[in-house]
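A look at the structure
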Amino acid sequence: MKIEKRDCSGTVETRNIKVMAEQPKKRNIKAMAEQPKRKALLFSKEGSPRIKQRPWYRRIGVGPLWRALFVLWLVATLTFLLMHMTQDDVVDMVFSQQQSLSVAMQAEKRADLGLDVSLGMQYVHWWTQLLQGNLGQSLVTGETVVRIISSKLPATLALMVSAIASTIIIALPLGLWLAHKAGRWPDRLIRGITLLGNTMPNFFTALLLLYVVALQWDLLPVVSRQGDWRSIILPTLTLTWSMSAKYIQQVRALALEELQKPYIMGLRSRGLTWFTIMSRYVSLAIMPPVLTLLALSCGSLLGGVTIVESIFMWDGIGKMAFDAITARDYPVLQAYVLWVSIFYVVLNYSVERWQQHWQTKVSGGREYEV
Amino acid sequence: MKYNDRMTAINFAITGPGKDRWYYWGQVSWPLVLLILFLGLGPWLWPFNPYEQALQQALQAPDSVHWLGTDQYGRDVLARILAGGRLTVGLSLAITMSICLGGSLLGLWSALRQNWLSQLIMSITDVALALPALVFAIAITAVLGGGLDHAALALICVLWPKYARLGRSLTLQISKASYIQLARLEGQSEMGILRYHIVPNIIGPIIVRAVLDLGVVLMELAGLSFLGLGATPPLAEWGSMLSLNRTLLQTAPWLLWGPGLAIIITVGAFHYVGEQLRSW
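Residues numbered from 1 in each chain as written. Chains lettered and ligands numbered in written order. Predicted model: local features only at pLDDT ≥ 70, side-chain atom pairs only at ≥ 80, totals over all residues.

Helix and strand content of chain B: ten helices and zero strands. Its helices and strands taken in sequence order, chain B reads α-α-α-α-α-α-α-α-α-α from the N to the C terminus. The dimensions of chain B, computed from C-alpha atoms along their principal axes, are 80 × 50 × 25 Å. Summarising the internal contacts of chain B: among those between residues at least 6 apart in sequence, 68% fall at separations of at least 24. (Helix = DSSP H or I, 4+ residues; strand = E, 2+ residues; numbered from the N terminus. Contact = placed C-beta atoms within 7 Å.)

Given below as structure tokens:
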């Protein structure tokens, strides 16, 4: 039955088609009744009045993807320009310390590093190298930057994951509990402590922990050693202390807002305990903003990691960046900034996408195309 | 007297009647006044010179003469904290004021004038907000070669977009209100609307944000100095004092309590004032 063939010419065929179209579709009612009733999924899209399927490029969200790609391009360009903002000449700085180079040798080195052409040409060359995954070599050790970063990355990721995990474990239950106890003495006490956590800079917390836990009580190693699991405790505690202080307040504020909503009274009148309400309903309801905040705070975490790693001698990319700054090892610094920014942008992009997905789920999967 | 819950102290402090205005400012900002008095008069009253070395008095524990002890060059720690406080607090005030003024004016302008330049500025803002701020601050300072002025410049570069976004969104929110249209119908000039309706309404949240950010800026500035990117060693600055003395953690722990507690108290004061202004 092809509808586009239908026209007003009044021919026999067209009439036949019309008659066919008006026939009601026969349904096998018996078979339908015998079919097992499909279990109603909580978030199924069954029966949603979707008028039109979105085209595939809208469904996977290329709009935000373009934006993220644009940001990534801008980040790369910014880091490239940043490294050409240096006042001191790289060749002078690195090689003249080792031996005094003649002018001809300096020019040769410059050509080696690709610094003798215009900025535009350097940019094009840099991009071609970048797309091949080549970020240059360290000016100090001569190792390729990609190899240095990939060897330091696992340690930093382990530190970040353990810091974020312990923040969630501490801040989520405590924040919910404080929202329940709002205005009473546990609330005031812990809010006072979180104020202290907010005002303590990372490096002071780290030094304090080093002094008290490692030097006075002699519980944990001062300098982190390879393969010793106990050495992750102090850096994690340092990062967790300030982050969980922030998140206890955030979770408390969000939960208080949620507790104002009428459905909480409905749940209470059904006889649910506060524990159930908090753990099953409020905690899920505040998830999207909390996760967005967590993704955003990865930025400050990545910055803070630089300080914390250099204090505890944790051999990650933060310490690598610190060493690169002191040694003026610009390719390593550039790769650090580039990698951290890419990580941050990709993380934020995926959290944003996930959040849209989550909200679609919460709203029963109904997407209206207007 | 019961206030509407949307009315906060900052609204009264800005738009309240003249007598009340001073009352509200006094109620919330006394820690700042104390801090400024302390840092303003302290270096006068305290008899030691923060830069004078006296090696025979090196590493003395706190006593009745040197209240917070002396460092490895025999310099008085309290004198250095007072001198460093002027530097650190003054610089973070300057940074915060410049980003707050510049950023929110840009945001205000771009909300009122929708042309290609304001569109461009706002898209730059969006991109800048999608980057990890502290990492870029570290990179900019490192590339410029360190120094307190470069650290301040880097923090300004990194932090202004937040205020541009805030100023823009607040202005857009306010300019939809019906009293703006009414004022326009009554024939009030554009500048008049700006002066009497928009600015008093958006300045409250921006001031609250700025006061809360003062502490953050101070900590980031001290953090850059701690990494060796901000103040250079002879200069008394809280972050670099902590960084310089961290090798003496075991022998002279009093060298850390002073600057550390100074940072905590100062940031706490900013935090307290900001929270007081925000919530009543």
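Regarding its fold elements, chain A presents 16 helices and zero strands. Within chain A, the proportion of its 370 residues that are buried is 27%. Taking the intrachain contacts of chain A between residues at least 6 apart in sequence as the baseline, contacts between residues at least 24 apart amount to 72%. (Buried ≥ 20, exposed ≤ 12 C-beta atoms within 10 Å, placed from the backbone.)

A word on the packing of helix 8 (residues 145-180) of chain A against helix 13 (residues 274-285) of chain A. All names here are of chain A. One can describe the packing of helix 8 onto helix 13 by two numbers: an axis separation of 11 Å at closest approach and a directional angle of 120°. Here helix 8 lies oblique to helix 13, going by the angle between them. Note on packing geometry: the crossing formed by helix 8 with helix 13 is right-handed. Counted together, Leu172, Leu176 and His180 of helix 8 and Trp274, Met278, Val282 and Ser283 of helix 13 form the full contact between these two elements. Class assignment of the residues belonging to the contact of helix 8 with helix 13 gives a composition of five nonpolar, two polar and no charged. (Axes fitted to C-alpha atoms, helices over the stretch in contact; angles between N-to-C directions. Parallel < 35°, antiparallel > 145°, perpendicular 65-115°, else oblique. Left-handed = near helix turned anticlockwise from the far one by under 90°. Nonpolar A, V, L, I, M, F, W, Y, C, P; charged D, E, K, R; others polar.)

Take helix 8 (residues 190-226) of chain B next. Owing to its 3.6 residues per turn, the α-helix brings residues three or four apart onto one side. At Val199 of chain B, helix 8 of chain B shows its maximal kink, close to 45°; a proline, Pro200 of chain B, follows between one and four residues later. Following helix 8 of chain B by one or two positions, Gly228 of chain B has its phi on the positive side, about 85°. (Bend = angle between axes of the 7 residues up to and from the residue.)

A word on the packing of helix 6 (residues 148-175) of chain B against helix 8 of chain B. All names here are of chain B. With their axes 10 Å apart at the nearest point, helix 6 and helix 8 run at an angle of 160° to one another. Our classification of the angle between helix 6 and helix 8 gives roughly antiparallel. Viewed along their axes, helix 6 and helix 8 form a crossing whose handedness is right-handed. In this structure, helix 6 uses Ala151, Leu155, Tyr163, Leu166, Gly167, Leu170, Thr171, Ile174 and Ser175 to contact helix 8, whose residues at the interface are Ile198, Asn201, Ile202, Pro205, Ile206, Arg209, Val217, Glu220, Leu221, Leu224 and Ser225. Residue composition of the contact of helix 6 with helix 8, by class: 13 nonpolar, five polar and two charged.

Taken together, the contacts link 35 residues of chain B with 36 residues of chain A. At the level of elements, helix 5 (133-144), helix 8 and helix 10 (254-278) of chain B are the ones that each hand at least two residues to the side of chain B that touches chain A. Here the side of chain B that touches chain A gets ten residues from one element, more than from any other, and that element is helix 5 of chain B. Of the residues assigned to the side of chain B that touches chain A, the class counts are 26 nonpolar, eight polar and one charged.

A word on the nonpolar core. Leu333 and Tyr336 of chain A together with Ala137 and Leu155 of chain B are the most contacted members of the largest nonpolar core, which has 138 residues in total. Ranked by the residues each element gives to this core, the list is headed by helix 8 of chain B, at 15 residues. Those residues in contact with Ala137 of chain B that lie beyond four places of it in its chain are Ala154, Leu155, Val158, Glu220 and Leu224 of chain B. (Core = buried A, V, L, I, M, F, W, Y, C linked by C-beta atoms within 7 Å.)

Further remarks concern helix 3 (residues 77-112) of chain B. Counted at 1.5 Å a residue, the expected span for helix 3 of chain B with its 36 residues is 52 Å, and the 51 Å between its end C-alpha atoms agrees. Maximum bend of helix 3 of chain B: about 25°, positioned at Gly84 of chain B. (Expected span 1.5 Å × (residues − 1).)

All names here are of chain B. Averaged over every residue, the pLDDT of chain B is 84; residues scoring 70 or more account for 95%. Mean pLDDT values over the elements of chain B span from 70, in helix 1 (residues 9-15), up to 91, in helix 3. Counting contacts from residues 1-5, a segment whose pLDDT is below 50, to residues more than four positions away or on other chains yields one contact. Here the predicted complex scores 0.81 on pTM and 0.85 on ipTM. (pLDDT = per-residue confidence, 0-100.)

The next point concerns unusual backbone geometry. Residue and element names in this part refer to chain A. Unusually for a residue other than glycine, Met313 sits at a positive phi of about 55°. Assessed through the 14 C-beta atoms surrounding it within 10 Å, Met313 is described here as partly exposed. For Arg328, which is not glycine, the phi dihedral falls at a positive 55°. Relative to the elements of secondary structure, Arg328 occurs in the loop between helix 15 (317-327) and helix 16 (330-362).

The subject of this paragraph is the environment of Met313 of chain A. Inspection of the secondary structure puts Met313 of chain A in the loop between helix 14 (287-312) and helix 15. Separated by 129 residues in sequence, Met313 of chain A and Arg184 of chain A place their C-alpha atoms 42 Å apart.

All right, on to the confidence of the model for chain A then. For chain A, the mean per-residue pLDDT works out to 78, and 72% of the residues sit at or above 70. Predicted confidence for residues 364-370 of chain A stays below pLDDT 50, and this span has eleven contacts to residues more than four positions away or in other chains.

All right, on to the environment of Met97 of chain B then. Examined against the element boundaries, Met97 of chain B turns out to sit in helix 3. Taking the C-alpha atoms as reference, Met97 of chain B lies 14 Å from Gly204 of chain B; in sequence the two are 107 residues apart.

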